[in-house]
Amino acid sequence: MKCPYCDSESIVFRGYRYNDRTKKRLRLCKKCGRKFTLHDGYWRMRFSRKDIMKAVSLYEKGFSLAEAKKHLERYEGIKVSRWTILCWYNKYGSGKRKE
Ligand SMILES: [Zn+2]
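Given the structure is predicted, the values throughout are model-derived calculations rather than measurements.

A. Spatial organisation of the environment of Ser94. Here Ser94 lies in the segment after α4 (82–92). Residue Ser94 is classed as partly exposed on the basis of its relative accessible area, which comes to 46%. Taking the C-alpha atoms as reference points, Ser94 and Val56, separated by 38 residues in sequence, lie 8.9 Å from one another. From its side chain, Ser94 meets the backbone nitrogen of Lys96 in a polar contact 3.2 Å long.

Structure (structure tokens):
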């Protein structure tokens, strides 16, 4: 497990954070001192809306998932799995993908 801000692995468990309905494990990074929760918050911190829309638009333009992944890595510096791109597309895409 790594800190989403600085990639340090010195993470300590700092109890729980309560939302309306959910309980999340709160972690503290000993290196940069920031607190974060995993799962929910994690990906949102790593990828901006702009990154996500870039990935989705590549896929919509007719790139395959593998091609979109490669392109994002090479030209945008975004490391993402094919599965993640597909998830983003299902969530944010227009549903009008060119075949
Ligand atoms: Zn950190």
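B. Seen up close, the sheet that holds strand β2 (residues 23–29). Strand order in the open sheet formed by 3 strands is β1-β2-β3, and the pairing between neighbours is antiparallel. Looking at the sheet topology across the chains shown, the edges are occupied by β1 (11–18) and β3 (35–37). Neighbouring strand axes in the sheet, compared pairwise and without regard to direction, differ in orientation by 35° on average. Here β2 runs beside β3; their pairing, made up of 3 bridges, is antiparallel.

C. The arrangement of the packing of helix α2 (residues 49–60) against helix α3 (residues 65–76) in detail. Between α2 and α3, whose axes approach to 9 Å, the crossing angle comes to 135°. The orientation of α2 with respect to α3, classified from their angle, is oblique. Considering how the two elements wind past one another, α2 and α3 form a crossing that is right-handed. Contacts between α2 and α3 involve Lys54, Ala55, Leu58 and Tyr59 on the former and, on the latter, Leu65, Ala68, His71, Leu72 and Glu76. Classifying every residue of the contact of α2 with α3 by side-chain character gives 6 nonpolar, 1 polar and 2 charged.

D. Structural detail: the coordination of the zinc ion. Surrounding the zinc ion are the protein donor atoms Cys3 (SG), Cys6 (SG), Cys29 (SG) and Cys32 (SG), which sit 2.3 to 2.4 Å from the metal. Relative to the metal, the 4 donor atoms surrounding the zinc ion lie at angles of 106 to 116°, and the coordination shape comes out tetrahedral. The sequence pattern formed by the donor residues of the zinc ion is C-x2-C-x22-C-x2-C. Of this pair, Cys6 sits in the segment before β1 while Cys32 sits in the loop between β2 and β3, and the two are 26 residues apart along the sequence. Judged by its relative accessible area of 27%, Cys6 falls in the partly exposed class.

E. Molecular detail of the pairing of β2. The element β2 is extensively covered by neighbouring structure, given that 5 of its 7 residues are classed as buried. Pairing between β1 and β2: 6 bridges, direction antiparallel. Residue pairing for β2: Tyr18 is matched across the bridge by Lys23. Linking β2 back to β3 in an antiparallel pair, the connection comprises 5 residues, with Gly33 at a positive phi of about 80°.

F. Representation of the side chain of Ser8. Within the secondary structure, Ser8 is located in the segment before β1. One polar contact links Ser8 to Ser10, side chain to side chain, over a distance of 2.8 Å. In this structure, Ser8 is in contact with Met1, Lys2, Cys3, Cys29 and Lys31, ignoring residues within four places of it in sequence.

Conventions adopted
Residues numbered from 1 in each chain as written. Predicted model: local features only at pLDDT ≥ 70, side-chain atom pairs only at ≥ 80, totals over all residues. Heavy atoms only, no water. Helix = DSSP H or I, 4+ residues; strand = E, 2+ residues; numbered from the N terminus. Buried < 20%, exposed > 50% of the residue type's maximum accessible area, 1.4 Å probe, protein only. Polar contact = N/O pair within 3.5 Å; in protein donor to acceptor, adjacent residues only side chain to side chain. Pairing = 2+ DSSP bridges. Axes fitted to C-alpha atoms, helices over the stretch in contact; angles between N-to-C directions. Parallel < 35°, antiparallel > 145°, perpendicular 65-115°, else oblique. Left-handed = near helix turned anticlockwise from the far one by under 90°. Contact = heavy atoms within 4.5 Å. Nonpolar A, V, L, I, M, F, W, Y, C, P; charged D, E, K, R; others polar. Donors = N, O, S within 2.8 Å, 3.2 Å for Na, K, Ca; no water. Tetrahedral: all angles 85-135°; square planar, octahedral: opposite > 155°, others 65-115°.

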